[in-house]
Amino acid sequence: MPGRWDELYSADGVPRPAAAALAAHLGALGLDDLRERQVLAEIEIATMGITFTVYSDGRGIDRAWPFDIIPRVIAADEWRRIEAGLKQRLRAVNRFIDDLYHEQRIVADGVFPAELLEHSVNFRPECRGASPAFGVWAHISGSDLVRDGDGTMYVLEDNLRVPSGVSYVLENRAISKRAFADFFAQQSILPVDAYTDELNRMLSSLAPDGVADPTLAVLTPGIYNSAYFEHSFLAQRLGAALVEGADLFVDEDDCVYMRTIAGPERVHVIYRRIDDMFIDPEAFRPDSVLGVPGMMRAWRAGNVAIANAPGCGLADDKAVYAWVPDMIRYYLGAEPLLANVPTYRCLYPDECRHVIDNIGDLVVKPANESGGYGLLIGNRATAEERADTIERINADPRNWVAQPILDLSTVPTLCDGEIEPRHVDLRPFILSGASTYVMAGGLTRVALRRGSLVVNSSQGGGSKDTWIVEA
């Protein structure tokens, strides 16, 4: 298709330099061999119990993780530019969050609109004046990247509260290495295995002063959560305790303890995988049974570190996202190394009118949904769906944004036994603490349905291994 960018082949069908060896190897294998390796990969996924859950079907049944055998390749020289851009972005975002819970200089200087902050559903007044270690609030983040038809890589959105998917990156790589064992060792593919060591190092660095060997815990909502596989996977890899709220308590000394058969054991760092509003019924929702009463007291007293920090979700807002380039200029005095997708903010009447008048040519998103829920792709929606979305925009314009419909890049994908192009995005994972670490590659999500632009697993998407290759 004219204007479409394929990640493995140029428009004239020649393999891109970093993908040339893979293209030759796939051609030598042939389709029957690829099909066989795909089947073996799926058997391995089922045997290992690599699963995810979809709530929207009303059944909440664990499903085998959807994986495609053909990897996505990105040249290492391009990746180094992406990595630098992601580090820059997270430095600015963390400065922004810290500023808004303290002096709010960016608001006073007229760079960020006060009305956007006033109506933020993720701003937590309970966090005002808090000072997490290193001034970092979003310790673990996943910024979704997309490539347009001209080859430009854009940041589509930032995921800062409880981003998921990194366990699937690590499992995809393990499966890919076995599927292409005869080829993998010959290639200079950057490894991803160091992620959990880097995560352990970063979390341990957040421990309260004077704690040399901190106890880490992964706080999960429980076995019925869609990402429970990842919670248990990461706890095991980190050597951390996997706990639910009922396993922890805050004592009179404002420290967090874990109930064990040997008695209470103090916990110094909590990697929480539950939303702000449920982490502490004393501070937020009093009906929460997922959290730990008093945990916010312990955090504010500096007796426990929480990653990601409560309140960081104020920057995990698709409306706030539009100001990240301004944050980079304001806090870092630099131009963004990675571009945002052009974004219309329905907060402003003129931009809102443009969205409504051109809704058939735009992707329209609620500002605080995730997983692809609530999204409308204008040229694929019915007249009724567009009218319903316009009604919802008019009712609450602050909570809607819109972007052009990008012609997302494609990767050859094995679908129903045949190789066809499918649209992809990429979620790299970034760790922020005393320093910043970016995983080499990330989770490539693929829209398995022909022509679909929606890559979320909850909406019928799958995944691929991502190879960062020295050309």
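Whatever comes next refers back to the structure up there.
The notes below deal with the structure included here. These figures come from a predicted structure and were not determined experimentally.

1. Side note on the sheet that holds strand 11 (residues 269-272)
For sheets, the rule is that strands pair by backbone hydrogen bonds, running either parallel or antiparallel. Judged by pairing direction, the sheet is parallel, and its four strands sit side by side in the order 7-6-11-12 without closing on themselves. Of all strands in the sheet, those with a lone pairing partner are strand 7 (241-243) and strand 12 (305-307), marking the two edges. Neighbour-to-neighbour, the strand axes of the sheet open up by a mean angle of 25 degrees, direction not taken into account. Relative to strand 11, strand 6 (residues 216-219) is paired through four bridges, and the arrangement is parallel. Along strand 11, the bridge assignment pairs Val218 with Tyr271. Against the sheet, helix 9 (residues 228-238) makes contact with strand 6, strand 7 and strand 11, and its axis sits at roughly 150 degrees relative to strand 7, the strand it touches most.

2. Here's the deal with the pairing of strand 22 (residues 443-447)
Of all the five residues making up strand 22, five are buried; the element is thus mostly covered by neighbouring parts of the structure. Here strand 22 shows no split at all, with Leu443, Arg445 and Ala447 on one side and Thr444 and Val446 on the other all buried. Note that strand 19 (residues 418-427) and strand 22 share four bridges and pair antiparallel. Looking at the pairing, Leu426 lines up with Thr444 of strand 22. With four bridges connecting them, strand 22 and strand 23 (residues 461-469) associate as antiparallel partners.

3. Focus on helix 9
Where helix 9 is concerned, the buried positions are Phe229, Glu230, His231, Phe233, Leu234, Ala235 and Leu238. Once helix 9 finishes, Gly239 follows within two positions and takes phi at roughly 70 degrees, a positive value.

4. Quick notes on the packing of helix 3 (residues 76-100) against helix 12 (residues 324-332)
Following both chains from N to C, one finds helix 3 and helix 12 inclined at 80 degrees, their axes separated by 9 Å at the closest point. By the criterion of interaxial angle, the relationship of helix 3 to helix 12 is roughly perpendicular. For the pair helix 3 and helix 12, contact is made by Gln88, Arg89, Arg91, Ala92, Val93, Arg95, Phe96 and Asp99 and by Val324, Met327, Ile328, Tyr331 and Leu332, respectively. Here the residues of the contact of helix 3 with helix 12 are counted per class, giving eight nonpolar, one polar and four charged.

Calculation notes
Residues numbered from 1 in each chain as written. Predicted model: local features only at pLDDT ≥ 70, side-chain atom pairs only at ≥ 80, totals over all residues. Heavy atoms only, no water. Pairing = 2+ DSSP bridges. Helix = DSSP H or I, 4+ residues; strand = E, 2+ residues; numbered from the N terminus. Axes fitted to C-alpha atoms, helices over the stretch in contact; angles between N-to-C directions. Contact = heavy atoms within 4.5 Å. Buried < 20%, exposed > 50% of the residue type's maximum accessible area, 1.4 Å probe, protein only. Parallel < 35°, antiparallel > 145°, perpendicular 65-115°, else oblique. Nonpolar A, V, L, I, M, F, W, Y, C, P; charged D, E, K, R; others polar.

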